[in-house]
Amino acid sequence: MLHMQSVTKVYRAGDVETRALRSIDLHLAKGEFVAITGPSGSGKTTLLNIMGLLENIDGGTYTLDGKDVSRLSDGECSRVRNEKISFIFQSYNLIPDLSVAANIEAPLRYRGYSAAERRRRVEAALGKVGLSTRARHLPNQLSGGQQQRVAIARAIAGSPAVIFADEPTGNLDTQMSQQIMDLLQEINREGCTVVMVTHNDAHVERASRHIHILDGAIVTPAASPQIAAVRGAAA
Ligand SMILES: Nc1ncnc2c1ncn2[C@@H]1O[C@H](COP(=O)(O)OP(=O)(O)OP(=O)(O)O)[C@@H](O)[C@H]1O
Ligand SMILES: [Mg+2]
């Protein structure tokens with residue numbers, strides 16, 4: 001469903017030019033659960049944002065669900081995102097002065113659902129993440145793990161084809177992380193493609209595929225000096 005060929009991304013800030021992605025070839029099938037790892041600054045967030053059409057590519061081609069999305073206008077990008085894509089961020093990104101239910105409902109408004117359909121979807125998503133009794137709470141009245149579950153409810157309420165998650169458990173303790181991973185795995189089993197950036201080896205194990213990035217390029221895990229070093233140390 002997702003095909004990238006020779007994708008490059010360069011950031012320019014003043015005199016400094018960063019080649020954030022060098023030449024990415026990547027093909028994902030529908031229903032995969034992909035874990036992306038790599039050191040800080042290697043390009044994981046850049047890749048995720050590009051896959052999720054939050055940022056444009058500078059070179060190469062990108063096809064999503066049969067549509068060439070390499071060079072879309074901002075408006076076209078938002079349309080494709082609304083239809084097919086959801087994000088989950090490390091810092092939850094909930095709107096602080098909206099209730100839990102209103103946070104989940106907000107993106108549904110852009111999808112043209114009736115009020116009754118939006119209500120049905122909000123209730124179903126809240127039930128799925130186990131927070132039906134918290135619908136009227138504000139985000140800051142919830143724990144971090146609960147806030148991330150609200151973000152997951154918001155992500156799944158519109159039945160996206162793919163969810164991009166950037167270190168979704170990065171701010172959570174082990175037990176809460178486990179709950180988030182259980183949920184992501186369940187959502188994936190129900191057919192949603194999930195692409196997740198993580199630093200946690202146990203979470204990588206849960207994915208159906210592992211992609212490692214070094215310095216803006218995908219390397220096979222065995223060829224990565226870091227991973228080889230970890231394996232060597234463990235042996
Ligand atoms: N908006 C930007 N402007 C300039 N440079 C940027 C921008 N965003 C990212 N970069 C640079 O691109 C490179 C890749 O950044 P990216 O955020 O993708 O790394 P990452 O792998 O997600 O790191 P981390 O694990 O710390 O989140 C870094 O060198 C970063 O400094
Ligand atoms: Mg990042």
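In the block above lies the structure referred to throughout.
Below is a short write-up of the structure.

Calculation rules
Residues numbered from 1 in each chain as written. Chains lettered and ligands numbered in written order. Predicted model: local features only at pLDDT ≥ 70, side-chain atom pairs only at ≥ 80, totals over all residues. Heavy atoms only, no water. Helix = DSSP H or I, 4+ residues; strand = E, 2+ residues; numbered from the N terminus. Rg over C-alpha atoms; globule rule 2.2 N^0.38 Å. Contact = heavy atoms within 4.5 Å. Areas by Shrake-Rupley, 256 points an atom, 1.4 Å probe, with all protein chains shown as cover. Lys, Arg positive; Asp, Glu negative; His and termini not counted. Charge placed at Lys NZ, Arg CZ, Asp CG, Glu CD. Buried < 20%, exposed > 50% of the residue type's maximum accessible area, 1.4 Å probe, protein only. Near = heavy atom within 4 Å. Polar contact = N/O pair within 3.5 Å; in protein donor to acceptor, adjacent residues only side chain to side chain. Core = buried A, V, L, I, M, F, W, Y, C linked by side-chain atoms within 4.5 Å. Pairing = 2+ DSSP bridges. Axes fitted to C-alpha atoms, helices over the stretch in contact; angles between N-to-C directions. Expected span 1.5 Å × (residues − 1). Arc of directions from axis to C-beta.

Along the protein, the regular secondary structure elements total eight helices and ten strands. Here the C-alpha radius of gyration of the protein, 18 Å, is about what a compact globule of 235 residues would show, namely 18 Å. With respect to the principal axes defined by its C-alpha atoms, the protein has extents near 50 × 45 × 35 Å. Partitioning the intrachain contacts of the protein with sequence separation of at least 6 by distance along the chain shows that 69% fall at a separation of at least 24. Only carbon and sulfur atoms are counted for the fraction: they give 48% of the accessible area of the protein, which is about 11,400 Å². On the protein, the mean spot of the 26 positive side-chain charges and the mean spot of the 24 negative ones are 5 Å from each other.

All right, on to unusual backbone geometry then. For Ser-6, which is not glycine, the phi torsion reads 50 degrees and is therefore positive. You can see Ser-6 is positioned in strand β1 (residues 2-13). Note on Ser-6: relative accessible area 34%, which makes it partly exposed. Notably, Tyr-92 is not glycine yet its phi reads approximately 65 degrees, a positive angle.

Before going further, it helps to examine the site of ligand 1. The environment of ligand 1 is formed by 13 residues, the closest being Ser-40, Gly-41, Lys-44, Thr-45 and Thr-46. Within the contact set of ligand 1, an oxygen atom lies 2.6 Å away from a side-chain nitrogen or oxygen of Ser-40. Contributions of two or more residues to the shell around ligand 1 are made by β2 (16-28) and α1 (44-51). The leading source of residues in the shell around ligand 1 is α1, at three residues.

Here the focus is the nonpolar core. Within the largest apolar cluster, 34 residues are counted, with the highest numbers of intra-cluster contacts made by Ile-104, Ile-152 and Leu-184. Every element with two or more residues in this core is listed here: β3 (33-37), α3 (100-105), α4 (115-128), α5 (144-156), β7 (162-166), α6 (174-189) and β8 (193-197). The element that contributes the greatest number of residues to this core is α5, accounting for six residues. The residues contacting Ile-152, other than those within four sequence positions of it, are Ile-88, Val-129, Ile-180, Leu-183, Leu-184 and Ile-187. By size, the runner-up hydrophobic cluster in this structure holds 30 residues, among which are Leu-47, Leu-72, Phe-87 and Ile-213.

What follows deals with the sheet that holds strand β5 (residues 67-68). Strand order in the open sheet formed by four strands is β2-β1-β4-β5, with antiparallel pairing between adjacent strands. One side of each edge strand has no neighbouring strand; the edge strands of this open sheet are β2 and β5. In the sheet, β1 pairs with β2 via nine bridges, with the strands oriented antiparallel. Bridging from a neighbouring strand, His-3 pairs with His-27 of β2. Seen against the sheet, α1 touches β1, β2 and β4 (59-64) and runs at an angle of roughly 60 degrees to β2.

Quick look at the side chain of Ser-86 now. With respect to the helices and strands, the residue Ser-86 is situated in strand β6 (residues 85-89). Overall, Ser-86 belongs to the buried group, its relative accessible area being 10%. Of the polar contacts made by the side chain of Ser-86, one reaches the backbone oxygen of Ala-155; its length is 2.7 Å.

The next subject is α4. The periodicity of an α-helix, 3.6 residues per turn, causes residues three or four places apart in sequence to face the same way. Look at α4: 20 Å from first C-alpha to last across 14 residues, which is about the 20 Å you get at 1.5 Å a residue. Buried within α4 are the following residues: Arg-118, Arg-121, Val-122, Ala-125 and Leu-126. For α4, the buried positions fall inside an angular range of 130 degrees around the axis, keeping them on one side. Away from the buried face of α4 by more than 90 degrees, exposed residues Arg-119 and Glu-123 are located. Gly-130 sits one or two positions beyond α4 and adopts a positive phi of about 75 degrees.

Here we come to α6. Given a rise of 1.5 Å per residue, 16 residues ought to cover 22 Å, and the 22 Å separating the end C-alpha atoms of α6 matches this to within 8%. Among the residues making up α6, those that are buried are Ser-177, Ile-180, Met-181, Leu-183, Leu-184, Gln-185, Ile-187 and Asn-188. Sitting at the amino-terminal end of α6 is Asp-173, which places a side-chain oxygen 3.2 Å from the backbone nitrogen of Gln-175. Count one or two residues on from α6 and you reach Gly-191, which has phi positive near 120 degrees.

Take it as geometry only, folks, not as evidence of what the structure does.
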